Every structure is written in C-alpha cells, then in structure tokens.
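Listed below, chain by chain, are the residues.
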Amino acid sequence: MNVWLIMLVTGLITYGIRLSMIVLYGKQEMPLRLQQALRFVPPAVLSAIISPEILLPGGNLNASLENPRLVAGVLAAFVAWRTKNVFLTIVIGMSTLLILQNLFR
Amino acid sequence: MENKQPPFIPARVEFLSGIKAELPLLIGVVPFGMIYGVLALTAGIPPAAAQAMSAIVFAGSSQFVLAQLIAVGVPGLVLIMTAGVVNLRHALYSASVAPFLKQLKPLWKWLLAYLLTDEAYAVSITHYAEEGAQSGVGNKHWFFLGAGLALWSSWQLSTALGIFLGTQVPESWSLDFTLALTFIALVVPGLKDRPTTAAALAAGICAVWFAGLPYKLGLVAAAMVGIVVGMILEVRQ
C-alpha cells in the first residue's frame, strides 16, 4: 500500500479518535462511574508507556541495576517527585543514562 | 466575599501561559521528533512524506510504530490497525477534556481535537483541574491552544531537523529515552493519593506483562487495568 495512503488513513483515524468524545459529550449523559474513571487516565496511560521503555530495553525484561535505563528512570522519578521540575527531570535522567552507558561499554 | 467566580483571565494571557507550560516538555519532545525523522528516512519513507506524516498523523508513538513497521514491510492494513490501536488512548484523553470544552463553538472543538497530544493534554488537564474550573467557563481553551501550538510547531521543526541531519544522529545518544523521561516528569508529581499511585503501578506492571500482545494492544489493556484498580481503591476509601 502507498505510504501516503497509509498516512492519510492513519491520520483520519487518529483525528477521529481525538475528536470522538469531545463531540459526543453532552449528547448523552456520561455515567458517574465513567466520570470518576477519567481521573485515572493520565497516570495509567503514561505509566503504561513508560514502564516498557525502562524495563524492556531491546525487548527483554531487565530489572537489574545493570539496566542503565532503569537506574536513570528511577533517579528521574525521584527528581520529579522532589522538584516537580520537568526540565531537571529530563536533564538528570538523560545525563545519568549517558554516563552509565559509557561506563559499561 | 461570596464571590465564587474564578478571576477573569484575558485570552492572550492564557495563550501565553499555555506556551510557557509546554516549554519544559519540549526538551523531551524535540529529540524524540528528530529521531522520528531519522527513523522514517531509514525506513525508506520519502522525506516529503516523512514530514507530512508529522502534520497529518501528529502522534509521536504511532509515527514511530508506522516507520518501524514500514521498514519491516508489514502489510498496509495491519499498519493502519496497529497505529490506530496505539492511538486509542486518545479516546480517553478526549473523554477527559470533553466536559471542559462543551461550551465551545464547533470550530474550537475541531481545532483542539487536532492538537490533543499526550503532552498538550497533560498540561491542559492540569490547568483545567486547578481551582475547580467550571466546565467551559473562562478562557482556558486559549491555554490549551497555546500548549498545543507550541508542541505542534516544535514537532514539525524537530521532524525537519531529523530528516535534515539524517543518520548523523548516532543511536548511542539514546535520544529516544527523552520520551520516557518526559512522561515520568508528567506522571510522578500527580501521584498524590493511593488510588492514583496504585493505578499507575498496576498499569506499569501490566504494560510490561502485556508487551507481547499483537498490534501494541498491551498499552491500552494495561491502561484499562490501571484505571479499574484506581477506581476499586477509590470506592473502598
């Protein structure tokens, strides 16, 4: 299939997904339970993206200290918790990863 | 003293604060956009198409998946399905911002839906949640627009940079890790109570456990488990 066609269809689907609930809202009352559930969307979705990135480097589970991404990720989480500073979190996490990667090479 | 109306904030001020709130995230997003550009070229996607994808699809993780799968030569229909599943989480974002956008004109809704990315969503929903903003009152949609446009322009520029630099960005720089770090910076400060923390932990564990599921279904499944765990704990309290 043509790359442009794939891209257009994917773009349309993505836009449709993003628009879906925004336009549907108000047409029908949203159940209370669903409204409560929405509070957990950011932590659940973002954690589900993060954890494979740090625990499955190269597709294999590595939960040991020899996994630089895990060490850098945990340190970054600590920085994020103490400082709430996005810039610092990224810079410290990234420096840790690069230092560890070069040490273990 | 009984005045419960939130203070009036002009549109321009909201717009600029939206841009400002998005700025720190760009440190993570720009390298990620560059890698996408490099990856797309390596996958054999023509530069013009690679750049257009950042505007048409405008969703980092699914663009990554598309480029990787195109490189392996996966059939088109499977590609589209997989990218669609990766983007299913945006339905959750959509539902989450919907109450705050309900008063807006359709044009605004269509525009903000286009700009509804992980990063723009994260800062905007935090802003909406501040001081119990009543649904659809005030100028907070301008904040969303500012955050969304800041992300959009840097995504386009960083894609272009990646395409331009091509393979000069070595893999050993591990620039892809900036995405995980950006999300860590967004999630951790929000873990203020047990239900939220449990939701994050459950989703994180399940995402690793479900990683082998086809079409990247593991992400959505893990997020669903996290949401359910959070709700169960909240009901118990």
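Calculation rules
Residue positions are given per chain, counting from 1 as you read along its sequence in written order. Both sets of labels track the order of writing: A upward for chains, 1 upward for ligands. With the structure being a predicted model, the display of local features is reserved for residues of pLDDT at least 70 and the display and counting of side-chain atom pairs for 80 or more, all residues being used for whole-chain, interface and lining totals. For helices the rule is a DSSP run of H or I covering at least 4 residues; for strands it is a run of E covering at least 2, with both sets numbered from the N terminus onward. Using C-alpha atoms as the atom set, the radius of gyration is obtained and then compared with a globule rule of 2.2 Å times the number of residues to the power 0.38. With C-beta atoms placed from the backbone, a residue is labelled by how many other C-beta atoms lie within 10 Å of its own: buried for 20 or more, exposed for 12 or fewer, partly exposed between the two. In this description, any two residues whose backbone-derived C-beta atoms lie within 7 Å of each other are considered to be in contact. Throughout this entry, Asp, Glu, Lys and Arg are counted as charged residues, while Ala, Val, Leu, Ile, Met, Phe, Trp, Tyr, Cys and Pro are counted as nonpolar. The remaining residues, Gly among them, count as polar. Domain boundaries shown here were taken from an automatic or database domain assignment. Interaxial angles span 0 to 180 degrees and are taken between N-to-C directions of axes, which are lines fitted to C-alpha atoms, for helices over the stretch in contact. In what follows, roughly perpendicular refers to angles from 65 to 115 degrees, roughly parallel to angles under 35, roughly antiparallel to angles over 145, and oblique to any angle outside these ranges. In this scheme, a crossing is called left-handed if the near helix is turned counterclockwise away from the far one by less than a right angle; it is called right-handed if the turn is clockwise. Core membership is restricted to buried Ala, Val, Leu, Ile, Met, Phe, Trp, Tyr and Cys residues, and these are joined into a nonpolar core through C-beta atoms within 7 Å.

J.: For the overall build of chain B, give the residues involved together with the corresponding values.
T.: When its secondary structure is counted, chain B shows 11 helices and zero strands. Taking 18 Å as the expected radius of gyration for a compact globule of 237 residues, we find that chain B reaches 19 Å, a close match to that expectation. In terms of principal-axis extent, the alpha carbons of chain B reach across some 65 × 45 × 35 Å. Relative to its full complement of 237 residues, chain B shows a buried share of 49%.

J.: Summarise the interface of chain A and chain B; cite the residues concerned and give the values.
T.: In this complex, chain A contributes 58 residues to the contact, which on the side of chain B involves 72 residues. Every element with two or more residues in the side of chain A that touches chain B is listed here: helix 1 (3-24), helix 2 (32-37), helix 3 (41-55), helix 4 (68-83) and helix 5 (86-103) of chain A. With 18 residues, the top contributor of residues to the side of chain A that touches chain B is helix 1 of chain A. Of the residues in the side of chain A that touches chain B, the class split is 42 nonpolar, 12 polar and four charged.

J.: Can you break down the domain arrangement of chain B residue by residue, with the values?
T.: Residue and element names in this part refer to chain B. Per the domain assignment, the segments making up chain B are domain 1 (11-172) and domain 2 (191-237). Here the C-alpha centroids of domain 1 and domain 2 sit 23 Å apart. Between domain 1 and domain 2, the residue contacts involve seven residues of the former and six residues of the latter. Ranked by residue count, the leading element in the side of domain 1 that touches domain 2 is helix 4 (residues 76-86), at four residues.

J.: Give a description of unusual backbone geometry that names residues and reports values.
T.: One non-glycine residue with positive phi stands out, namely Lys84(A), at about 55°. In this structure, Ser174(B) takes a positive phi of about 50° despite not being glycine.

J.: Account for the packing of helix 1 of chain A against helix 4 of chain B, naming residues and giving values.
T.: Where helix 1 of chain A contacts helix 4 of chain B, the two axes come as close as 9 Å, and the packing angle between them is 30°. Considering the angle they form, helix 1 of chain A stands roughly parallel to helix 4 of chain B. The way helix 1 of chain A lies across helix 4 of chain B gives a crossing that is right-handed. For the pair helix 1 of chain A and helix 4 of chain B, contact is made by Ile6(A), Val9(A), Thr10(A) and Ile13(A) and by Gly76(B), Leu79(B), Ile80(B), Ala83(B) and Gly84(B), respectively. Each residue belonging to the contact of helix 1 of chain A with helix 4 of chain B can be placed in one class, and the counts come to six nonpolar, three polar and no charged.

J.: How would you explain the environment of Pro43(A) if you had to name every residue and give the values?
T.: Topologically, Pro43(A) is positioned in helix 3. Pro43(A) gets classed as buried once you count the C-beta atoms within 10 Å, which come to 28. Apart from residues no more than four positions distant in its own chain, Pro43(A) is found in contact with Val187(B), Gly190(B), Leu191(B), Thr196(B), Ala199(B), Ala200(B) and Gly226(B).

J.: Quick one: what's the story with the nonpolar core, residue by residue and with numbers?
T.: One finds Ala44(A), Ile184(B) and Ala203(B) to be the most contacted residues of the largest nonpolar core, which totals 105 residues. At 12 residues, the largest contribution of residues to this core is made by helix 1 (residues 11-42) of chain B. Not counting chain neighbours up to four residues away, the residues in contact with Ala203(B) comprise Ala44(A), Ser47(A), Ala48(A), Ala222(B), Ala223(B), Val225(B) and Gly226(B).

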